[in-house]
Amino acid sequence: MRSPTPRCHLAANISSNNRKTIMKLIIITIALFVFINVQGQNNIDTLNTCEKNSNKYALLFIKRLNESKPDSINEIFRKWKLSCGQCEPLQRAKILYHLKFNTFNDSVLSESISCNIKIFLNRKKQYLFKEPEYFSYVPVGKEFDIFSDSIAKTLIHKFKRNSVEYLLCELYSNKSDSILIKIKHPRYQFSTIHNKPCSIHAKKNEKIKKINKSGFDIALMSGVWIPTGGLSVLGIHPELGFQGGAKNENYSAQFTLIIKFLNTPNKYLARRVHTNNSVEETNQFVGPYIGLDFGKSIYHTYHSEFQILAGLGFDAFTALNPLKEINNRYEDVRSYNVNFGFGYRYYFKNKPQYIAIEPKFNIVDYGLNNVTDLKGNFISIRFIYGHID
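Residues numbered from 1 in each chain as written. Predicted model: local features only at pLDDT ≥ 70, side-chain atom pairs only at ≥ 80, totals over all residues. Heavy atoms only, no water.

Go over the pattern of salt bridges with me, naming the residues and quoting the values.
Inspection of every chain in the model, using the stated rule, returns 16 salt bridges. Linking K260 and D315 is a salt bridge whose minimum nitrogen-to-oxygen distance equals 2.8 Å. Of this pair, K260 sits in strand β3 (residues 251-260) while D315 sits in strand β7 (residues 304-320), placing them 55 residues apart in sequence. Ionic pairing is found between D293 and K360, a salt bridge with its closest N-O pair at 3.3 Å. Here K360 lies in strand β9 (residues 353-364) and D293 lies in strand β6 (residues 287-300), a separation of 67 residues in the sequence. On the basis of relative accessible area, K360 is assigned to the buried category, the value being 4%. (Salt bridge = Lys/Arg side-chain N within 4 Å of Asp/Glu carboxyl O. Helix = DSSP H or I, 4+ residues; strand = E, 2+ residues; numbered from the N terminus. Buried < 20%, exposed > 50% of the residue type's maximum accessible area, 1.4 Å probe, protein only.)

Structure representation (structure tokens):
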């Protein structure tokens, strides 16, 4: 089934135009990808300066304490509190600072000291290691933890065994986990730790603000269908659809239904294989992709995730309306669809939603049922707004 010679020139022009359009869309996609990253990072910097600054102040505290520069350390404490409030690493740093310079008294302890002690003890629980916000973004088991353990072991011998100072050194040198039990003894009745237990209200405020990346996943999708090779005559088309499935930390499995639509900008040839076997020009184009799509996480941060994607499904579009005088049979182009690509997700803070972009290469055979003899594959770029519950 061949097009007349003039149509070959037309197809060549279309293909050239499509290549230019594809390049523009790729540039737009990359720009959008960068924009999402920048916006996400800006949101982190604006809404949560603790994530940006906390570990920086922890490392700077170590340096200044080793240099014995108390004035600059107090400035670090001031800035750290502005960024993170009276967080556990800051409270720990203040305690160790005052213990080292023999200036410790009960006023050093904040009203949240008991809750901060619980957070410190939870640094030993591996299932919390991937919750950096819970630990005020100071990495577990790294420089600050090693330093506080070392200095507490050095200082513990300076204090009487039944003193609050001794108990704190025992805690931060990881020699005892029972400080909150010991502090209930009447001898400590004048200490803030004794009188300010971690209340139910404080526990609620201490609750992990986890970004949910696992559970049932449902999403709305829009996208661009970009043909290559002999399919270029069909032009570029929009897509709309949805996904539903399940996701855990490392893998995702989704059922996808997406519809491509709008008539082609130029006519193409299609055959009525179910009636008189005639060949007609048409520009009709509407049809679904129905498939199963899978993802494997290859890299993720607190807000972002990159996935390798692959899918398998059914792909089709309607090429010709029925001949009413003969039958009511549409002529549909049908094919398998094997696709692969990558995805980027940005998870919103304190919300179960995310946005994503998924460029994929789709392998099809639209000549499979002889309605057309068009050969080629297509690129899909899909934009997703999803919810995980």
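Having seen the model, we can carry on.
Please set out the state of the cysteines residue by residue, giving values where relevant.
Summed over the entire model, instances satisfying the criterion amount to one disulfide. There is a disulfide in this structure between C50 and C84, and the S-S distance comes to 2.2 Å. On the sign convention where negative is left-handed, the bridge of C50 and C84, at about 100° about the S-S bond, is right-handed. With C50 in helix α2 (residues 49-66) and C84 in helix α3 (residues 70-84), the pair connects residues that are 34 residues apart, well separated along the chain. Exposure remark for C84: the relative accessible area of 19% places this residue in the buried category. Free cysteine C87: the closest other cysteine sulfur is in C84, separated by 4.5 Å. (Disulfide = S-S within 2.5 Å.)

Break down the nonpolar core for me, citing the residues and quoting the values.
If you look at the biggest cluster of nonpolar residues, it comprises 46 residues, and the most contacted ones within it are F61, W80, I95 and L168. Those elements giving two or more residues to this core turn out to be α2, α3, α4 (88-100), α5 (113-121), α6 (143-155) and α7 (164-172). Per-element tally for this core: the top contributor is α7, with seven residues. Not counting chain neighbours up to four residues away, the residues in contact with W80 comprise S54, Y57, A58, F61, G85, C87, P89, L90, A93, V138 and F144. Y268, A270, L320 and V364 belong to the second largest nonpolar core, which has 16 residues in total. (Core = buried A, V, L, I, M, F, W, Y, C linked by side-chain atoms within 4.5 Å. Contact = heavy atoms within 4.5 Å.)

How would you explain the packing of α3 against α4 if you had to name every residue and give the values?
Running from N to C, α3 and α4 cross one another at 160°; their axes reach a closest spacing of 10 Å. Regarding the angle of α3 to α4, the classification is roughly antiparallel. In this structure, α3 crosses over α4, and the sense of that crossing is left-handed. Judged by residue contacts, P70, I73, N74, F77, W80 and K81 of α3 engage P89, L90, A93, K94 and Y97 from α4. A per-class count over the contact of α3 with α4 returns eight nonpolar, one polar and two charged. (Axes fitted to C-alpha atoms, helices over the stretch in contact; angles between N-to-C directions. Parallel < 35°, antiparallel > 145°, perpendicular 65-115°, else oblique. Left-handed = near helix turned anticlockwise from the far one by under 90°. Nonpolar A, V, L, I, M, F, W, Y, C, P; charged D, E, K, R; others polar.)

Break down the pairing of β9 for me, with residues and values.
Most of β9 is tucked away: nine of the twelve residues are buried. Pairing of strand β8 (residues 331-347) with β9 involves nine bridges; the strand directions are antiparallel. By the bridge assignment, G341 is partnered in β9 with K360. Between β8 and the antiparallel strand that follows it, β9, lie five residues; N350 among them carries a positive phi value of about 60°. Sheet topology note: the β9/strand β10 (residues 378-388) ladder contains ten bridges and is antiparallel. Its bridge partner lying in β10, E358 is registered against R382. (Pairing = 2+ DSSP bridges.)

Outline the side chain of E358, listing residues and values.
Its place among the elements puts E358 in strand β9. Among buried Asp, Glu, Lys and Arg side chains, E358 stands out as unpaired, with K360 the closest opposite charge at 5.0 Å. Apart from the residues within four sequence positions on either side, E358 is in contact with Q243, L309, F342, G343, S380, I381, R382 and I384. (Lys, Arg positive; Asp, Glu negative; His and termini not counted.)

Can you break down the pairing of β8 residue by residue, with the values?
Bridge analysis of β7 against β8 gives 16 bridges, and the strand direction is antiparallel. Each bridged residue has a counterpart across the sheet, and for G311 the counterpart in β8 is N339.

Tell me about the sheet that holds β3, residues and numbers included.
Strand pairing in a sheet relies on backbone hydrogen bonds, with the paired strands running either antiparallel or parallel. Strand order in the closed barrel formed by eight strands is β1-β2-β3-β6-β7-β8-β9-β10, and the pairing between neighbours is antiparallel. Averaged over all neighbouring strand pairs, the angle between strand axes comes to 25°, with direction disregarded.

Please provide a residue-by-residue account of the environment of H300, values included.
Among the secondary structure elements, H300 is positioned in strand β6. On a C-alpha basis, the gap between H300 and Y346 in space is 9.8 Å, while along the polypeptide they are 46 residues apart. Leave out the neighbours within four places in its chain, and H300 touches K213, E249 and E305.

Can you lay out a nonpolar patch on the surface for me, pointing to particular residues and giving the numbers?
Taken together, the side chains of L220, F242, F255, I290, L292, F294 and F314 present a nonpolar region at the surface, about 640 Å² in accessible area. Per-element tally for the nonpolar patch: the top contributor is β6, with three residues. Mapped onto the secondary structure, I290 falls in strand β6. (Patch = residues over 30% accessible without salt bridge, like charges linked within 9 Å, V, L, I, M, F, W, Y side chains within 5 Å. Areas by Shrake-Rupley, 256 points an atom, 1.4 Å probe, with all protein chains shown as cover.)

Now, about α2: what can you tell me, with residues and values included?
Look at α2: 26 Å from first C-alpha to last across 18 residues, which is about the 26 Å you get at 1.5 Å a residue. Three or more residues of α2 are buried, namely C50, N53, S54, Y57, A58, F61, I62, R64 and L65. Those residues of α2 hidden inside the fold are in contact with α3, α4 and α6. A positive phi of about 55° marks S68, the residue just after α2. (Expected span 1.5 Å × (residues − 1).)

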